[in-house]
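# Topology and contacts: notes
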Amino acid sequence: MVYSQEVQHMCVVKKGPNHGPAPIPEEGRWVKAKEIKDISGLTHGIGWCAPQQGACKLTLNIKEGVIEEALVETIGCSGMTHSAAMAAEILPGKTILEALNTDLVCDAINTAMRELFLQIVYGRSQSAFSEGGLVVGAGLEDLGKGLRSQVGTTFSTKAKGVRYLDLAEGYITRLALDEDGEVCGYEFVRLGVMMDMIKKGTDANEALKKATANYGRFADAAKYIDPRHE
């Protein structure tokens, strides 16, 4: 350590207060975090790129400072999906400090990493009050049985009205309109479920039929339209 001349000639004044950091909640415990290995928890966060043309939802499960599980979900930019593939390979095994200072390929993913870092080192993780935290693999529970992101994609114009394209239930195949021409329900396909059935040998048309369901007053509609072509 190199000190300036001014500091070298100063007299010593003893430091009094030394109570350490404030405790933060981590996996059902109160922890005074002094090192990266003191940090544990599962949390989610959103990041965006500089031109704000795409976003990333990042889920990390951290045990003793090391990322054990990563779920990377992206939207709005085709190149970002490939960045997500690379980030998912990069993140596990790194400490959260390493990950914060690693190029995760895409601005949106880097920003999400920054936001998660702030949450978790301040004790704001989703599992802060869960005794023992969450098991590695808990991130997949967000995706449900079909292991697909919860996506909401809708489009509308003043001239032609709204079109539901993708909602949490699945890929929208038909919109149901009532007597006033307003949406009163929709038909959807659970793509993850359909693909699982096809992989097990079910005929594609049969799988499509079994994975199709509807919501709202679909059966009572006055008219049905294809949201992508009508």
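Presented here is an overview of the structure given in this document. (Residues numbered from 1 in each chain as written. Predicted model: local features only at pLDDT ≥ 70, side-chain atom pairs only at ≥ 80, totals over all residues. Heavy atoms only, no water.)

## Details of the pattern of salt bridges
Once the charged atoms of two side chains with opposite charge are near each other, the side chains can pair. The full count for this structure, using the stated rule, is seven salt bridges. A salt bridge links Asp-196 to Lys-199, with the shortest nitrogen-to-oxygen separation between them at 3.5 Å. Note that Asp-196 and Lys-199 are positioned in helix H5 (residues 191-199) at a spacing of three residues, about one turn of the helix. Residue classification places Asp-196 among the partly exposed residues on the basis of a relative accessible area of 30%. Counted as one network, the salt bridges with shared partners bring together Lys-57, Glu-73 and Asp-142. (Salt bridge = Lys/Arg side-chain N within 4 Å of Asp/Glu carboxyl O. Helix = DSSP H or I, 4+ residues; strand = E, 2+ residues; numbered from the N terminus. Buried < 20%, exposed > 50% of the residue type's maximum accessible area, 1.4 Å probe, protein only.)

## Points about the side chain of Glu-26
Note on placement: Glu-26 falls in strand E1 (residues 24-26). Leave out the neighbours within four places in its chain, and Glu-26 touches Val-31, Ala-33, Asp-38, Ile-39, Ser-40 and Ala-128. (Contact = heavy atoms within 4.5 Å.)

## As for the sheet that holds strand E5 (residues 66-75)
If you trace the three strands from one edge of the open sheet to the other, you get E3-E4-E5, paired in antiparallel fashion. Strands at the two margins of the open sheet, each flanked by one partner only, are strand E3 (41-48) and E5. The average angle at which neighbouring strand axes cross in this sheet is 15°, direction not considered. Pairing analysis gives eight bridges linking E3 to strand E4 (residues 55-63), with the strands arranged antiparallel. Each residue of the ladder has a partner; that of Gly-47, found in E4, is Cys-56. With respect to the sheet, helix H2 (residues 78-90) is in contact with E4 and E5, its orientation differing from that of E5 by roughly 175°. Its contacts with the sheet place helix H4 (residues 107-121) against E3, E4 and E5, and it is angled at close to 140° to E3. (Pairing = 2+ DSSP bridges. Axes fitted to C-alpha atoms, helices over the stretch in contact; angles between N-to-C directions.)

## Digging into the packing of aromatic side chains
Counted by the stated rule, this structure contains five aromatic pairs. Ring geometry for Trp-30 against Phe-129: centres 6.2 Å apart, planes inclined by 70°, an arrangement best described as edge-to-face. Separated by 99 residues along the polypeptide, Trp-30 in strand E2 (residues 29-31) and Phe-129 in the loop between H4 and strand E6 (153-157) bring together distant segments of the chain. In terms of burial, Trp-30 and Phe-129 fall into one category: exposed. An aromatic cluster is built from Tyr-164, Tyr-186, Phe-188 and Tyr-215, whose rings are joined through pairwise contacts. Sitting over the ring of Tyr-224, Arg-174 keeps its end group 4.9 Å from the ring centre. The aromatic ring of Tyr-171 is capped on one face by Arg-228, whose charged end is 3.8 Å from the ring centroid. (Phe/Tyr/Trp six-rings, centres within 6.5 Å; stacked < 30°, edge-to-face > 60°. Lys NZ or Arg CZ within 6 Å of the ring centre and 35° of its normal.)

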